[in-house]
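Coordinate inspection notes
Below, each chain spelled out in residue letters.
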Amino acid sequence: MEETPGSLALENVAVGALNAVSFSVAPGEVVCLSGPSGVGKSRLLRAVADIEAHQGAIRLAGEAQSSMPAHQWRRRVVMVPADSQWWFDTVAGHFDGDLPEDDLAALGFGPEVAGWSVSRLSTGERQRLALLRAMVLEPGVLLLDEPTSNLDAERARATERWLLDRIEARRMAVLWVAHDAEQIARVARRHVRLVDHGMEVVRECD
Amino acid sequence: MNVIDLAWWKLALTAGLVLLLAVTIHLGRLGMTRSLLVAAVRTVVQLSLIGLVLEALFAVGSPVWVLLMALVMLLVAGREVMARQGRRLRGPWAFGLGTGAMFVSSFTVTVFLLAVVIGPRPWYEPQYAIPLLGMILGNAMTGIALSLDRLTEAVWRQRAVIESRLMLGQTWRQAVGDIRRDAMRSGMMPSINAMAAAGIVSLPGMMTGQILAGSPPGVAVKYQIMVMFAITVGSGFGSVMAVAWGSRRLFDERERLRLDRLTS
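This one's a predicted model, so the numbers in the text were calculated from it and none came from an experiment.

Cut-offs used in this document
Residues numbered from 1 in each chain as written. Chains lettered and ligands numbered in written order. Predicted model: local features only at pLDDT ≥ 70, side-chain atom pairs only at ≥ 80, totals over all residues. Heavy atoms only, no water. Salt bridge = Lys/Arg side-chain N within 4 Å of Asp/Glu carboxyl O. Helix = DSSP H or I, 4+ residues; strand = E, 2+ residues; numbered from the N terminus. Phe/Tyr/Trp six-rings, centres within 6.5 Å; stacked < 30°, edge-to-face > 60°. Buried < 20%, exposed > 50% of the residue type's maximum accessible area, 1.4 Å probe, protein only. Lys NZ or Arg CZ within 6 Å of the ring centre and 35° of its normal. Contact = heavy atoms within 4.5 Å. Buried area = accessible area lost by both parts, 1.4 Å probe. Nonpolar A, V, L, I, M, F, W, Y, C, P; charged D, E, K, R; others polar.

Close approach of charged atoms allows side chains with opposite charge to pair. Residues and elements named next belong to chain A. Enumeration over the complete set of coordinates arrives at 21 salt bridges over all chains. A salt bridge links Arg59 to Glu11; the shortest N-O distance between them is 3.3 Å. Placement of Arg59 in strand β4 (residues 55-60) and of Glu11 in strand β1 (residues 8-15) is noted, with a sequence separation of 48 residues between them. The closest approach of N and O atoms between Asp102 and Arg166, which form a salt bridge, is 3.7 Å.

Residues and elements named next belong to chain B. Applying the stated criterion to the full structure yields four aromatic pairs over all chains. Look at Trp172 and Phe251: their rings are 5.4 Å apart centre to centre, the planes differ by 35°, and that puts the pair in the tilted class. Of this pair, Trp172 sits in helix α7 (residues 172-175) while Phe251 sits in the segment after α10 (217-249); the two residues are 79 residues apart in sequence, bridging distant segments of the chain. Assessed through its relative accessible area of 7%, Trp172 is described here as buried. Here Phe251 falls in the buried class, since its relative accessible area comes to 3%. Taking the ring centre of Trp156 as reference, the NZ or CZ of Arg87 above it sits at 4.1 Å. In this structure, Arg159 packs its charged tip against the face of Trp156, placed 4.9 Å from the ring centre.

For the rest of this paragraph, the subject is the interface of chain A and chain B. Facing 25 residues of chain A, the contacting portion of chain B comprises 15 residues. With both sides pooled, the region where chain A packs onto chain B buries about 1800 Å², and carbon together with sulfur makes up 54% of that total. The tally of links between chain A and chain B comes to three salt bridges. Arg46(A) is the salt-bridge partner of Glu163(B), the closest N and O atoms lying 2.8 Å from each other. If you list the elements that add at least two residues to the side of chain A that touches chain B, you get α2 (70-76), β6 (77-80) and α4 (123-135) of chain A. Counting residues per element, the side of chain A that touches chain B draws most heavily on α2(A), which supplies four residues. The residue makeup of the side of chain A that touches chain B, split by class, is 14 nonpolar, five polar and six charged.

This is the structure we're talking about:
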């Protein structure tokens, strides 16, 4: 498989029941992952983030995952899990600096959200803020596990547009787990479907 | 300084009081007559046995036997630390971790007290060594058991949070930082509280015993202060070590949370 410089490459990755998963994601590209539930989509993302033990080689811009300390890898390859977790009292506690106002506006928040208590956030609000929390780290790779699953259709579209805009601007390589065929068509040029024990590439670049 | 020895029949009088309590409990249907009697019998048997052991030990006074006794105490305490944990590390770690932390902290503090502070001759004089080690070890045991239990329980409950923090590029130390601090604190709280309440709320048992045995209160107080410091230091450093080693073991070389290393 050809590799663009700076891309994320998976080579014969095996985790759980999945075997021999190989593909690469170029900078600025979104690749969607789909497949029946339980096939191992989330586990594959966890393997790419090196949160879960796995076989095979994973490289970013030619550098092997195993060649750098795990936390350094994860600073460059950030995963946003389907259920976001919050551990401080306020939203701002989870961000190092200020929350960028233009991003907040695009996600439907005012600047006052920083002072909000996490316990009063709805599931959808948490999901959007978790995306922003990962985005402000400016990673090279973003791993999104159903990033709009808790949002209504309109909000989901707005969040999608914001994600695609930032991905394009920052040239991130993105793996995006999605179920909705329309969403996949909207966001991804390529789509990898995971099947029992392996994968098939559904759609190459248009 | 004469101590009034207690005749066995006089001890039997106090046992009579316990029996009286047992009868009351039985009539009141409180349903713990049995456990009261079993516990009372255990006290008599266990303490009589340790009395015999100590008498023999003091008579011999050889360092080998003192060391052997100290080892037995350490191993029993190590087993107890392991037994008190809801979720423990798999394999030899469960026993090794608590025992190792107790060994390093309690033995260091005890040897320091014996060799530098009290200075009996020889320094391993069992009359000093064994009771001191017993008190320090017993408290370190409580502290280490509490802190390890707190650590494994909190990590188990907050695994999603810990993994989320790892996913954001935090090191394993950052991801469990709060939990580690909490666990260390809970291991130190009992001895800190005991120091704060000493003499006001409670007269510590060791001091009371020494005064009953005829020591001037001034001397007993100095010993008590020394022992409380030693207990705090022993359980404090013990908890810090146990939590530091234990939390390290919960992550692998790729800084992944490894809950499979805990029993469920």
